[in-house]
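Coordinates in review
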Amino acid sequence: MTDYFKEDNYWKKHINDALEFDNWIDEYIDYLPLNCKVLDLGCGRGEYSKYLIDKGYDVISADISDIALSKVKTFNKNIIKLDMRDLLPFEDNKFDIVFANLSIHYFNELETKNLINEIHRILKNGGILIGTVNSIDALDFINDHVVEIDKHFYQSYNRQVRLFDEGDIDYYFNNFYKLKVEKRTNTRFGNRKDYILFLFKKWKL
């Protein structure tokens with residue numbers, strides 16, 4: 001199994017870079033129950049953790065990067081280091097919201113399915129999964145240096161990345177009720193980012 005995370009090189013490079021805050025979440029805040037427990041899964045430097053804390057949410061910020069978590073710790077004491085390929089270290093039905101912005105697209109098919117099943121497990125019935133993943137549209141801009149190793153799963157320099165189309169969204173998130181799926185484009189660390197925004201609800205009959 002190839003390690004998707006190598007020596008924290010990503011955040012060594014970007015930890016202090018200017019990042020354009022994409023306020024797409026403002027458009028969806030009405031879908032989120034107020035004053036509840038949130039897991040920011042793959043929180044990075046914690047821009048969205050801080051946004052949600054400022055809105056009154058009780059946020060646990062989770063990431064594999066010690067460097068990123070050291071930044072988050074300056075404003076949120078509720079941090080946890082985890083590897084999303086492992087079982088998530090939370091009890092069933094713990095969270096009202098799982099927020100996953102550009103964090104669950106590094107994994108092979110089995111790992112991706114297992115992760116989404118774990119997210120389903122830790123969400124309360126009626127809970128919300130909201131976030132973004134890389135879009136297959138990004139392939140036009142990275143085609144010169146990626147090699148496809150499985151369907152929509154690519155080797156890009158020293159890391160692997162999954163690009164999603166709407167069929168992939170339906171396949172991987174089929175245990176959730178779909179509320180919204182939209183294509184978006186923004187800029188991240190000076191580069192164009194094509195992504196798919198998703199909003200799901202957990203229904204357990």
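Note that this is a predicted model, so its numbers are computed, not measured.

Position of N108 among the secondary structure elements: in the loop between β4 (95-101) and α4 (109-122). Classification of N108 as partly exposed rests on a relative accessible area of 27%. Remark: the alpha-carbon pair of N108 and K151, spanning 43 residues in sequence, is separated by 9.4 Å. Among all residues touching N108, those that are not within four sequence positions of it are F153 and R162. Within the local environment of N108, its side chain forms a polar contact with the backbone nitrogen of L110, the two atoms lying 3.1 Å apart.

Attention now goes to the pairing of strand β7 (residues 153-156). Here four bridges tie strand β6 (residues 146-150) to β7, and the two strands are oriented antiparallel to one another. Residue pairing in the sheet places D150 in a bridge with F153 of β7. Hairpin remark: β6 followed by β7, antiparallel, with two residues in the connecting loop; positive phi at H152, about 60 degrees. Pairing geometry for β7 and strand β8 (residues 159-162), over four bridges, is antiparallel. By the bridge assignment, Y154 is partnered in β8 with V161.

On to the nonpolar core. Residues L39, L41, V98, I119, L129 and F173 are the most contacted members of the largest nonpolar core, which totals 30 residues. Those elements that place two or more of their residues in this core are β1 (37-41), β2 (58-63), β4, α4, β5 (123-134), α6 (166-172) and β10 (191-201). Element by element, the count of residues in this core is highest for α4, at four residues. With near-sequence residues (within four places) excluded, F173 lies in contact with I104, I116, L129, F164, F198 and F200. One finds Y57, F99, I128 and L197 within the second-largest nonpolar core, a separate group that totals 20 residues.

Given a rise of 1.5 Å per residue, 14 residues ought to cover 20 Å, and the 20 Å separating the end C-alpha atoms of α4 matches this to within 8%. Listed as buried for α4 are E111, T112, K113, L115, I116, E118, I119, H120 and I122. Tucked into the core, α4 has its buried residues touching β1, β4, β5, β8 and α6. Capping the start of α4 is the job of one residue whose side-chain oxygen sits 3.1 Å from the backbone nitrogen of L110: N108.

It is worth spelling out the pattern of salt bridges at this point. Inspection of every chain in the model, using the stated rule, returns 13 salt bridges. Here K50 makes a salt bridge to D54, at a shortest N to O gap of 3.1 Å. A residue pair is termed a helical-turn pair when its members lie 3 or 4 positions apart in one helix, as K50 and D54 do in helix α2 (residues 47-54) at four residues. Residue class for K50 comes out partly exposed when judged on its relative accessible area of 38%. Among the residues examined, D54 registers a relative accessible area of 56% and is labelled exposed. As a salt-bridge pair, R184 and E182 come within 3.3 Å of each other at their nearest N and O atoms.

Reading the values: rules and limits
Residues numbered from 1 in each chain as written. Predicted model: local features only at pLDDT ≥ 70, side-chain atom pairs only at ≥ 80, totals over all residues. Heavy atoms only, no water. Helix = DSSP H or I, 4+ residues; strand = E, 2+ residues; numbered from the N terminus. Buried < 20%, exposed > 50% of the residue type's maximum accessible area, 1.4 Å probe, protein only. Contact = heavy atoms within 4.5 Å. Polar contact = N/O pair within 3.5 Å; in protein donor to acceptor, adjacent residues only side chain to side chain. Pairing = 2+ DSSP bridges. Core = buried A, V, L, I, M, F, W, Y, C linked by side-chain atoms within 4.5 Å. Expected span 1.5 Å × (residues − 1). Salt bridge = Lys/Arg side-chain N within 4 Å of Asp/Glu carboxyl O.

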